[in-house]
Amino acid sequence: QVQLVESGGGLVQAGGSLRLTCAASGLSFSILAMGWFRQAPGNMREKVASVSWRGAGTDYADSVKGRFTISRNNAKNTVYLQMNTLKPEDTAVYYCAASSRPYYSLDPADVDFWGQGTQVTVSS
């Protein structure tokens, strides 16, 4: 069993930055593809970014390309999401996700483990 704990959410003005952190424990973190998803009220959960188990491969939703960066530190069992130039439409609950799939471009159906979520609110 993998446990994922997110931190770093909060309230920020448009144009600001936040860094989300996900700490993992349980199964071998280094063999899992990791991702960040988000869900706004009334919307489906959507993929924001994902990273391969070695960290060499990354994938982003078109809406965050050039603004968000996903990275991981396997020695610390941690994955990060650096979010810059935040927009009000980025407001959502952000979830850390882990997958045992042999690829890293993840959809929600690919996720084996979810974190509890952290709220990100961007004011205009």
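Use the structure listed above.
Here's what I pulled together on the structure shown here.

Each value, and the rule that gives it
- Residues numbered from 1 in each chain as written.
- Predicted model: local features only at pLDDT ≥ 70, side-chain atom pairs only at ≥ 80, totals over all residues.
- Heavy atoms only, no water.
- Buried < 20%, exposed > 50% of the residue type's maximum accessible area, 1.4 Å probe, protein only.
- Helix = DSSP H or I, 4+ residues; strand = E, 2+ residues; numbered from the N terminus.
- Pairing = 2+ DSSP bridges.
- Axes fitted to C-alpha atoms, helices over the stretch in contact; angles between N-to-C directions.
- Core = buried A, V, L, I, M, F, W, Y, C linked by side-chain atoms within 4.5 Å.
- Contact = heavy atoms within 4.5 Å.
- Phe/Tyr/Trp six-rings, centres within 6.5 Å; stacked < 30°, edge-to-face > 60°.
- Lys NZ or Arg CZ within 6 Å of the ring centre and 35° of its normal.

On to the pairing of strand β8 (residues 78-83). The buried count for β8 comes to five of six residues, which makes it a mostly enclosed element. Relative to β8, strand β3 (residues 18-25) runs antiparallel, the two being bridged by six bridges. Its bridge partner being in β8, A23 is matched across the sheet by T78. Sheet topology note: the strand β7 (residues 68-73)/β8 ladder contains six bridges and is antiparallel. Across the sheet, the residue bridging to N73 is T78, located in β8. Linking two consecutive strands that pair antiparallel, namely β7 and β8, is a turn of four residues; a positive phi of about 50 degrees is found at N77 within it.

What follows deals with the pairing of β3. Residues L18, L20, C22 and A24 point to one face of β3 and are all buried, whereas R19, T21, A23 and S25, pointing to the other face, are not buried. In the sheet, strand β1 (residues 3-7) pairs with β3 via five bridges, with the strands oriented antiparallel. Within β3, the residue paired with E6 across the bridge is C22.

Whenever strands of a sheet pair, they do so through backbone hydrogen bonds, lying parallel or antiparallel. In spatial order, the strands read β1-β3-β8-β7; together these four strands make up an open sheet with antiparallel pairing. Of all strands in the sheet, those bounded by a partner on one side alone are β1 and β7. Averaged over all pairs of adjacent strands, the angle between strand axes in this sheet comes to 15 degrees, irrespective of strand direction.

What follows concerns the nonpolar core. Of all hydrophobic cores here, the largest spans 30 residues; its most connected members are L4, M34, W36, L81, M83 and Y94. Looking at this core, the elements that each hand over two or more residues are β3, β4 (33-39), β5 (46-51), β7, β8, β9 (92-99) and β11 (118-123). Excluding residues within four positions of it along the chain, M83 makes contact with G16, S17, L18, L20, R67, F68, Y94 and V120.

Now for the packing of aromatic side chains. The geometry of two aromatic rings is summed up by the distance between their centres and the angle between their planes. Enumeration over the complete set of coordinates arrives at two aromatic pairs. When the ring of F37 is compared with that of W114, the centres are 5.1 Å apart and the planes differ by 75 degrees; the resulting orientation is edge-to-face. In this pair, F37 is assigned in strand β4 and W114 in strand β10 (residues 113-114), connecting sequence segments 77 residues apart. F37 gets classed as buried once you look at its relative accessible area, which sits at 0%. Owing to a relative accessible area of 31%, W114 belongs among the partly exposed residues under this scheme. Through successive ring pairs, a cluster of aromatic residues spans F37, Y95 and W114. Taking the ring centre of Y80 as reference, the NZ or CZ of R19 above it sits at 4.1 Å. Sitting over the face of the ring of Y95, R45 holds its NZ or CZ atom 3.7 Å from the ring centroid.

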